[in-house]
Amino acid sequence: MNKPKIVRPQDSQPAHARWFDRKKYVTINFDVQKPKDVQVDIQPDKMILCCKNSTDDVFYNELHFYEKVQINDSRERVYDRTINVLLRKIKPDYAWPRLQKDEAKPSWISVDFDNWRDWEHEEDEGKEEYDRYVDMIREMAKDNKGAAPDMGDLSDFVTSVVSCCPAELKQEIDGKTKTLKGFNVKLQDTILFPEGGGQPDDHGIIGDVPVLRVTRQGPDAVHFVTSPLEEGQEVKVKVDWERRFDHMQQHSGQHLITALADSLFGYKTTSWEHGRQRINIELDTPSFKPGQLQVLEDAVNEKIRAHIPVTVQLLSLDDPAAEKVRSRGLPEDFAGPIRVVDIEGIEADMCCGTHVSNLSQLQVIKLLGTEKGKKNKTNLIFLVGNRVLKYAEKSYNKDRSLVSLLNTGSDGHIEAVDKLQKSARLLQKTNLNLLRDMAVLIAQNFRSNPERGNFFSLHRKEGDNEFMNIIASEMNTKETLVFLTVGEEKGPGLFLLVGPSELVAEFGPRVLEILQGKGAGKNGRFQGKVNSLARRAEVEALMQQRCKGLAGEE
């Protein structure tokens, strides 16, 4: 598909570009704060970038490369402060003396000396390793025996609506549980898997209506949709194949790991969890012995490379063969024949979930590590297939970002962060000492002023409760009302109100009301947190007026 042509905006400026050369790649970092509306067009001999920053300034860059690049293996990534462009060279061992074909150097291009190095006799280790890994995954998937399955007859499945009833679905959105109104639909037959056996449900569409949840009620699958469907209506059902195949890979991978952990070490699987970010198996062992994790990982990947078939058998409840099958029991409302997933020569297991038809379709399994589980058990964390590939790419991009931020190679990240933490702690300690000294001086300066009055107010962006407490302790709060705040001027913050008991009791609740806060106090002291300091001046004016009135009465 051709990308839409990027037209140069009238009011635009070039973003500053920092570049460095590697054996196989050229990297360009465009410095843009919080980039948005990003458009990038990478062509063999040039590239165009157009975007906006956080203040809606428009940037446009057009670069004519020194040498041609491979556009299929080049890409861009958008970060919080930069747009990173990685260009794959046509000539991998040829150094670029400059970024542009034209010898004239624009002012907005500079060499990234922090990342520049002489690579003539070295490999670009991080990217080389990642490239080899990607090539291995692709090579495994290309084999005719192990190619990733397509949707087959699932792309054109027609059935009819049996029932459609009003229903509600509770969903967690941004950490909050929300109730969505819709309809529960039962079909004559379905290709969408309901949640069960530890595996999440399928998503898809019925007609043109999205299916948001599929659950099991006895022998029936219940589909939650947001629009009603007519009973008896003939409908086409489509499955979200990317989600389905991901579940197939993770579930079949779990079966393989479970079988080999048992046969190699005698570790039984007691449960497993299929999450959106990570998968884990609970094993009946307090811990893995040194070297066992690597042995298990090597073993499961060896089985994947062996292209072992995975088949499904249906057995009746009274079939003697069912007694020889691994099982953790059947649900109380179970109906129909027993479904057995058989990995040839490895294990046969009762399972209702969706699986690959050959272990080679798993591509690869990565055992990430173990964690202490419940009741003297161990959780084994793993990823399968496409999730491994995505994890590798994400890890590589994080590593490159850390290289840029820490100005050090991958092996030096831990040491660099340790130094930064020590420096930060030292600076924090120094800053606290300075704030304490400042607090004492502020209080002394007020006390020494003969025209100081009976009210003192101060706001500082930097500071904390200790800073405010030091000032208050140095004041004569029996006669003076002291109002102190720290934090962003129009954002959240902390406050402390100290002084004559009757004034503090009067104004403490007013502070909470006007500044939208929470707090409490007694005996001439009131403190708390506020959501917004935007109306601080209003509170200060009220207190100042009240204190002036008291002084006039005296």
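Residues numbered from 1 in each chain as written. Predicted model: local features only at pLDDT ≥ 70, side-chain atom pairs only at ≥ 80, totals over all residues. Heavy atoms only, no water.

The name given to the chain in an unreviewed UniProt entry is CS domain-containing protein, and the organism recorded there is Takifugu bimaculatus. Entered under Sequence similarities (unreviewed entry) in the UniProt record, the comment concerning the chain runs "Belongs to the class-II aminoacyl-tRNA synthetase family. Alax-L subfamily." Its UniProt record gives the chain a comment under Cofactor (unreviewed entry), which states: "Zn(2+)". (UniProt positions renumbered as here; feature names shortened; annotations may be inferred.)

What the chain contains, in helices and strands, is eight helices and 26 strands. For the chain, the proportion of its 554 residues judged to be buried stands at 42%. Intrachain contacts of the chain at a sequence separation of at least 6 include 63% that bridge at least 24 residues. Of the roughly 31600 Å² that the chain leaves accessible, carbon and sulfur atoms contribute 48%. (Helix = DSSP H or I, 4+ residues; strand = E, 2+ residues; numbered from the N terminus. Buried < 20%, exposed > 50% of the residue type's maximum accessible area, 1.4 Å probe, protein only. Contact = heavy atoms within 4.5 Å. Areas by Shrake-Rupley, 256 points an atom, 1.4 Å probe, with all protein chains shown as cover.)

Moving on to the state of the cysteines. Per the stated rule, a full pass over the model turns up zero disulfides. C50 takes part in no disulfide bond, and the closest cysteine sulfur to it belongs to C51, at a distance of 6.7 Å. Counting only cysteine sulfurs, C165 is the nearest neighbor of C164, a cysteine outside any disulfide, at a range of 6.7 Å. On the basis of relative accessibility, which here comes to 16%, the residue C164 falls in the buried class. (Disulfide = S-S within 2.5 Å.)

Moving on, we come to the side chain of T258. Its location among the elements puts T258 in helix α2 (residues 241-265). Judged by relative accessible area, T258 falls into the buried class, the value being 4%. A polar atom in the side chain of T258 sits 2.9 Å from the side chain of T269. (Polar contact = N/O pair within 3.5 Å; in protein donor to acceptor, adjacent residues only side chain to side chain.)

Core analysis: the biggest nonpolar cluster contains 48 residues, and I206, L256, I257, L296, L362 and I365 have the highest contact counts within it. Sorting elements by how many residues they give to this core places α2 first, with seven residues. The residues that make up this core include at least three from each of domain 2 (156-238) and domain 3 (242-390). Discounting residues that sit within four places of it in the chain, I206 has contacts with L187, V211, H223, V225, L229, V235, K236 and V237. In terms of nonpolar packing, the next biggest core, distinct from the first, is built from 24 residues, I42, F65, I83 and L99 among them. (Core = buried A, V, L, I, M, F, W, Y, C linked by side-chain atoms within 4.5 Å. Domains from an automatic or database assignment.)

Next up on the list: the packing of α2 against helix α4 (residues 386-406). Between α2 and α4, whose axes approach to 9 Å, the crossing angle comes to 100°. Put simply, α2 runs roughly perpendicular to α4. Two secondary-structure elements touch here, α2 through E242, F245, D246, Q249 and Q250 and α4 through N386, R387 and K390. Here the residues of the contact of α2 with α4 are counted per class, giving one nonpolar, three polar and four charged. (Axes fitted to C-alpha atoms, helices over the stretch in contact; angles between N-to-C directions. Parallel < 35°, antiparallel > 145°, perpendicular 65-115°, else oblique. Nonpolar A, V, L, I, M, F, W, Y, C, P; charged D, E, K, R; others polar.)

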